[in-house]
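Chain by chain, the residues:
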Amino acid sequence: MAKVAIIYDSATHNTEMMAKAIAEGIKSEKVEVKLFHVHEADIGEIKNIDGLILGSGTYHHEIMPALEVFIERAKDVDLKGKVGAAFCSYGWSPEVVDLITNRLKGFGMETLEGLLIHEKPDEAGLEKCREFGKNIAKKVKGG
Ligand SMILES: Cc1cc2nc3c(=O)[nH]c(=O)nc-3n(C[C@H](O)[C@H](O)[C@H](O)COP(=O)(O)O)c2cc1C
């Protein structure tokens, strides 16, 4: 079975809500998901995966620091050709989703357009997250 890891950082749970809904969407396509807050994620979890999805809240226009450290460590893992995507909750500036996507591109990953949600996702936002997860799963399965 194809396997995707979702690693996120989130201070006030908005990005975490996105992460859980994205995981639901991926699972609904019969793709295995490993979902971790970055503080619980071992770098070994992203070895032998088919897709890596990274999420961060937006703080001072930057990727959250613990996720930044994780991305630095991910340089040691061969992610070339695997599917990558980013998701972010934000308040007023949308740049972090592109910052993460560019890092994934730098690993040689095949990236999808990232997903941005303003602050706490409502039901429509959560549905967008599920759809995002489904699209990632289809891509991972080769669709
Ligand atoms: C101290 C602080 C700094 C923030 N900086 C930004 C920012 O630079 N750009 C932005 O769009 N939102 C900013 N926000 C808003 C958060 O990104 C937004 O509330 C987001 O939903 C938080 O996600 P999280 O709940 O996953 O941590 C900031 C919020 C706080 C409290």
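Further up the page is the structure itself.
Just so it is clear, the model here is predicted, and its values are computed rather than measured. (Residues numbered from 1 in each chain as written. Predicted model: local features only at pLDDT ≥ 70, side-chain atom pairs only at ≥ 80, totals over all residues.)

Caption draft 1: The overall build of the protein chain, seen in detail. Secondary structure assignment for the protein chain yields four helices and six strands. When the helices and strands of the protein chain are placed in sequence order, the string is β-α-β-β-α-β-α-β-β-α. For 143 residues, the compact-globule estimate of 2.2 N^0.38 gives 15 Å, and the C-alpha radius of gyration of the protein chain, at 13 Å, lies within 12% of that figure. Overall, the C-alpha framework of the protein chain stretches about 35 × 30 × 25 Å when taken along its three principal axes. With 143 residues in all, the protein chain has 45% of them scored as buried. The long-range fraction of contacts in the protein chain, counting pairs at least 24 apart against all pairs at least 6 apart in sequence, stands at 80%. (Helix = DSSP H or I, 4+ residues; strand = E, 2+ residues; numbered from the N terminus. Rg over C-alpha atoms; globule rule 2.2 N^0.38 Å. Buried ≥ 20, exposed ≤ 12 C-beta atoms within 10 Å, placed from the backbone. Contact = placed C-beta atoms within 7 Å.)

Caption draft 2: Looking closely at the pairing of strand 2 (residues 32-37). Of the pairings in the sheet, the one linking strand 1 (residues 3-9) to strand 2 comprises six bridges and is parallel in character. Bridge assignment links Ile7 to a residue of strand 2, and that residue is Phe36. Handedness of the strand 1-helix 1 (residues 14-28)-strand 2 crossover: right-handed. (Pairing = 2+ DSSP bridges. Right-handed = clockwise from strand over helix to strand, strands pointing away.)

Caption draft 3: Layout of the site of the ligand. As a structural note, the neighbourhood of the ligand is formed by 17 residues, with Ser10, Asn14, Thr15, Gly57 and Gly91 the closest of them. Counting residues per element, the ones that place at least two in the shell around the ligand are helix 1 and strand 4 (83-90). Residue composition of the shell around the ligand, grouped by class: four nonpolar, twelve polar and one charged. (Near = placed C-beta within 6 Å. Nonpolar A, V, L, I, M, F, W, Y, C, P; charged D, E, K, R; others polar.)

Caption draft 4: Structural context of the nonpolar core. Counting residues in hydrophobic clusters, the biggest one holds 44 residues, and the most contacted among them are Val4, Ile6, Ile22, Ile53, Phe87 and Ile136. Look past the residues within four positions of Ile6 in its chain and what remains in contact with it is Ala19, Ile22, Ala23, Val33, Leu35, Ile53 and Gly55. (Core = buried A, V, L, I, M, F, W, Y, C linked by C-beta atoms within 7 Å.)

Caption draft 5: Up close: unusual backbone geometry. The phi torsion at His13 lies on the positive side, around 75°, for a residue other than glycine. Topologically, His13 is positioned in the loop between strand 1 and helix 1. You will see that Glu119, though not glycine, has its phi angle at about 50°, which is positive. Within the fold, Glu119 resides in the loop between strand 6 (115-118) and helix 4 (123-140). The class for Glu119 is partly exposed, based on 13 C-beta atoms found within 10 Å.

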